[in-house]
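Take a look at the letters that make up each chain.
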Amino acid sequence: MANRSAADGAFDLAIIGGGVVGCAAARRFALAGARVVLIERGADILSGASKANSAILHTGFDAPPGSLELQLVQQGRAEYLSIHRDLGLSLVETGALVCAWTEAEAALLEGIAAQGRANGIDALRLLTGPAARALVPGLAPHLHAAVEVMGEHVIDPWSAPLAYVTQAMAMGTVVLRNCDLIAGRFDGEWHLDTSQGPVRAAAVINAAGLFGDVVDARLGLPPEFVIRPRKGQFVVLDKAAFAHVPKIILPVPNEITKGIVICPTAFGNVLVGPTAEEQDDRTRASVDSATLQMLVAHASRLIPALRDMPVTAVYAGLRPGTDAKHYRVTAHPGQRAITLGGIRSTGLSAALGLAQHALHLYGTFAAPLAPPNDVPMVQVPNLTETATRDWQRTGHGDIVCHCELVTRREIEAALNSLLPPGDFGGLRRRTRAGMGRCQGFHCLATIAAMTRGRFDTPLAVEG
Amino acid sequence: MPDVVVVGGGPAGVAAAVALRRAGVAKVTLLDREPTLGGATRHCSHSPFGLREFGRVYVGAAYGRKLDRAAQEAGVTVLTGHSVVSLGTGGDLTIAHAGGTDTLTARRVVLATGAREMPRSAHLLPGDRPVGVLTTGALQAFVAFQGLMPFRRPVIVGSELVSLSAILTCLTHGARPVALLEPGDHALVRAPFAWFPRLVGVPFLSGVRIVDIIGTTRVTAVRIAQGGHETTLECDGLLLTGRFTPEAALLWQGGHRVDRGTGGPAVDQDGRCANPLYFAAGNLLRPIETGGWAFREGRAIGAAVAHDLARDPSTTEPVAVTRDAPIKLVVPNLIRHGSAGTPGFDRFQLRFARRAQGLLSLSLDGRKVWQRRGAWRPEVRVLVPMPASVAQAGHVHFGFAEDA
């Protein structure tokens, strides 16, 4: 295949991995004036860890004090808050309750609040059980006490990275999908051998998520960490559940995991999960019936009104945990390489912060870039219940997906966008078509017809 | 302002709308979100419809066209491509269509939104989530509306009548089912499953549990357990048939009362919901009956609504019909006192959750007024006559004494 290099034969930066971190880095470096190529092995962006998360924009109240993670979550969050309107991105200001369901858990709340304040989050308070239940009346009566964290918000976890990478593309970033990094060699510049041919770049960023350690090895960088995939299963409850869950319901965390969250989504559903299950497989995130039943039962125990709520969707994701808890961010100035590894569960919140940090690290070994004079503005379509949807406007053709009220015009716009979906999952993430309670009973055939010839894995078989 | 808005243009909705017009109701508006009427019958190319209600047989889209003509001839205002997105407590509906959104308020609303098959997620099935897992309804839409096929070698799950329709759809469209699986020990619909799958060369396996769905992009295999023994079936699709659920999302979201047994709206003997401005008919009431049954139900509910329009909306608090396990559901599941005229239902409809042998009884205020001993099978309709005295009872209870 042809050399995908830019006009003069090389990129300033190659980013390996089109997850939320890679997309944010592409935007940040494009804004700084870099010619960027983003290399993604999946059929679409967000094919790995980023496709499944709990969609929370964290404050960092529970992050380790003084950690890089805390700093980058807070930087990332601040940038999101300053840019989300311009990019058409949602912000649902739900707030969160850290709920203590036993005396022992209640004893830990003071410490959680103190850590939050030490982390610079002042908008939090301790609540008695009754006071917390006044905020979320659906919580079960055995609630002991809670900490309210006002700044924990909910966002659209797929439109945000799509907006980042789309803005980068509007500034010339090249996105290569179905593109596997085979090897990389540095001789003053990077020569990347990919499944789509050679790519030359002055510097590389490894944002390969679940394959962070593999990509480091393929680039010939010294091994810094080992990925230990941690699976999280989720259940999505029907939109009817939303009225009972106005805030993010967090458990008191333990050493291993932040625990199972009951969380309203920006799309008007309720999410229950994740679990934390260690596994070796880096690609297979399967669900199992017993765990899904456990999640439904767990949610109903904490919020009894959720007991009979229909299940809309189930899914599982893999978090790129490592052999240690902290972010594994390393700069290799001699090889002009940066590894953004081990971004476990706060990647969505920290992505923009990680991108800023990567640019800072890049500045320690590379000549300054010249930012473009004109920054193109992009807006991604709103998919959330917080703003007007396309079905509420005129001339949308018709409604294709009735459960999620997705119009023909929205699907066509996604298929003809700067970065059209590479697979059905990508279309679902861009439009919500097929994401609803019937999971395609009504719309799948229409979508199959609309997407003929578009996906590597088509919805209809040919011949 | 229309007198009545009917939501859903399948057999039940059309029959209700036509019955309302025939009873002299002036303004009846029928809404359907699809471009044509017919509801689920539109893509059921193997099931005959219409014999009882229209005196001849129609297949697939032809039945929908017949419903459309019947509605037009009766003077019903038919609006297709109109999606109801919310049911307000005052009979006010938010409606979306190609021109944007509207609010429509009616004196009464008849809900006839039907049922759909439960997707893989609602079954909490294990495994990967690849392309190629779908329901019969989706398959039929591929074939009937788009001329496409989603797979060539599917594994089919379920043993209801719709499962046979699914096999036929596959066989007539170039797909070769790998196997037909039933989680229970017996087929839910017995007679044809004894011979039909074997006749067409599809192995029928009962007592089978799916333990894994495998495939990173498209389904490549399904792993099953049968009596402690696991096997892998290679396939390129998984077709989930049957296990219908009422399309009751609008009720859930609007805070309307949903019956736990049926999954549809709680309704009284006139088909009236907990909110007395709303009525319901057809397969929204419970999963599922034939199109002909839904049509007759719609017609009866339509007549009851016409009667109700002559009065103020009911202010009577309904009595809930209670039931012993393993009775899965009862329709109607509410009773309102003093309800006059022709009731929407003349019989109770019951179903059992599992096979059970024993004495089924109906008690009013603690007094048995009906009983029958039998061997009851799951998902088979049981009809119990509704005594007139039910409308005065304070406690309406279906009891079951299982034989030891």
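Computed from a predicted structure; not experimentally measured.

Here the focus is the overall build of chain A. Helix and strand content of chain A: eleven helices and 21 strands. By the compact-globule yardstick of 23 Å for 463 residues, chain A fits well, its C-alpha radius of gyration being 22 Å. With respect to the principal axes defined by its C-alpha atoms, chain A has extents near 65 × 55 × 45 Å. Counting only residues that meet the buried cut, chain A has 58% of its 463 residues in that class. Residue pairs in contact within chain A that sit at least 24 positions apart in sequence constitute 74% of those at least 6 positions apart.

Accessible area lost during the coming together of the parts is what is often quoted as the interface size. All names here are of chain A. Taken domain by domain, chain A comprises domain 1 (1-92 + 154-225 + 324-377), domain 2 (93-153 + 228-322) and domain 3 (390-450). A C-alpha centroid distance of 28 Å is found between domain 1 and domain 3. If you look at the interface, domain 1 gives twelve residues, while domain 3 gives nine residues. Here the side of domain 1 that touches domain 3 takes five residues from helix α5 (residues 159-170), the largest share from any one element. Tallied by class, residues from the side of domain 1 that touches domain 3 come to eight nonpolar, one polar and three charged.

Turning our attention to the sheet that holds strand β22 (residues 327-331) of chain B. Residues and elements named next belong to chain B. Here three strands make up an open sheet; going across it, the order is β22-β24-β27 and the pairing antiparallel. Since the sheet does not close on itself, it has two edges, and those belong to β22 and β27 (382-385), each with one partner. Neighbour-to-neighbour, the strand axes of the sheet open up by a mean angle of 25°, direction not taken into account. Relative to strand β24 (residues 347-352), β22 runs antiparallel, the two being bridged by four bridges. The partner of V331 across the bridge, within β24, is Q349.

Okay, the pairing of strand β15 (residues 208-214) of chain B next. All names here are of chain B. Of the strand pairs in this sheet, β15 and strand β16 (residues 221-226) are connected by six bridges, and their pairing is antiparallel. Bridge pairing links R209 to A225 in β16. Between β15 and β16, which pair antiparallel one after the other, the connecting turn spans six residues, and G215 there sits at a positive phi close to 155°.

What follows deals with the interface of chain B and chain A. On the chain A side, the residues contacting the 43 residues of chain B number 43 residues. The set of elements that each furnish at least two residues to the side of chain B that touches chain A consists of β6 (83-87), β8 (100-105), β10 (115-117), β11 (133-135), α4 (136-146) and α7 (249-253) of chain B. Here the side of chain B that touches chain A takes six residues from α4(B), the largest share from any one element. Its residues placed into classes, the side of chain B that touches chain A shows 20 nonpolar, 13 polar and ten charged.

Attention shifts here to the sheet that holds strand β7 (residues 92-97) of chain B. All names here are of chain B. Strand order in the open sheet formed by three strands is β6-β7-β8, and the pairing between neighbours is antiparallel. The sheet is open, and its two edges are formed by β6 and β8, each paired on a single side. Direction aside, neighbouring strands of the sheet carry axes that sit 30° apart on average. When β7 meets β8, the two strands line up antiparallel, connected through six bridges. Considered in β8, the bridge of T94 is made with T103.

Moving on, we get to the pairing of strand β9 (residues 108-111) of chain B. Residues and elements named next belong to chain B. The alternating pattern of β9 places R108 and V110 and V109 and L111 on opposite faces, both of which are buried. Two elements, strand β1 (residues 4-7) and β9, share four bridges in a ladder whose sense is parallel. Residue pairing for β9: V7 is matched across the bridge by L111. As paired elements, β9 and strand β20 (residues 278-280) share three bridges and run parallel to each other. Among the inter-strand pairings, L111 is bridged to a residue of β20, identified as A280.

For B:P150, the position within the fold is in the loop between α4 and β12 (154-157). A sequence separation of 54 residues divides B:P150 from B:A96, and the C-alpha atoms of the two residues are 30 Å apart. Once residues lying within four places of it in the same chain are set aside, the contact partners of B:P150 are A:A448, A:L459, A:A460, A:V461, B:G132, B:L134, B:L139, B:F142 and B:G237.

By size, the foremost hydrophobic cluster in this structure holds 269 residues, and its most contacted members are A:A14, A:I15, A:A26, A:V36, A:V165, B:A16 and B:V110. Here B:V110 is in contact with B:V4, B:V6, B:A16, B:F279, B:A281, B:I301 and B:V305, once residues within four sequence places are set aside.

Calculation rules
Residues numbered from 1 in each chain as written. Chains lettered and ligands numbered in written order. Predicted model: local features only at pLDDT ≥ 70, side-chain atom pairs only at ≥ 80, totals over all residues. Helix = DSSP H or I, 4+ residues; strand = E, 2+ residues; numbered from the N terminus. Rg over C-alpha atoms; globule rule 2.2 N^0.38 Å. Buried ≥ 20, exposed ≤ 12 C-beta atoms within 10 Å, placed from the backbone. Contact = placed C-beta atoms within 7 Å. Domains from an automatic or database assignment. Nonpolar A, V, L, I, M, F, W, Y, C, P; charged D, E, K, R; others polar. Pairing = 2+ DSSP bridges. Axes fitted to C-alpha atoms, helices over the stretch in contact; angles between N-to-C directions. Core = buried A, V, L, I, M, F, W, Y, C linked by C-beta atoms within 7 Å.

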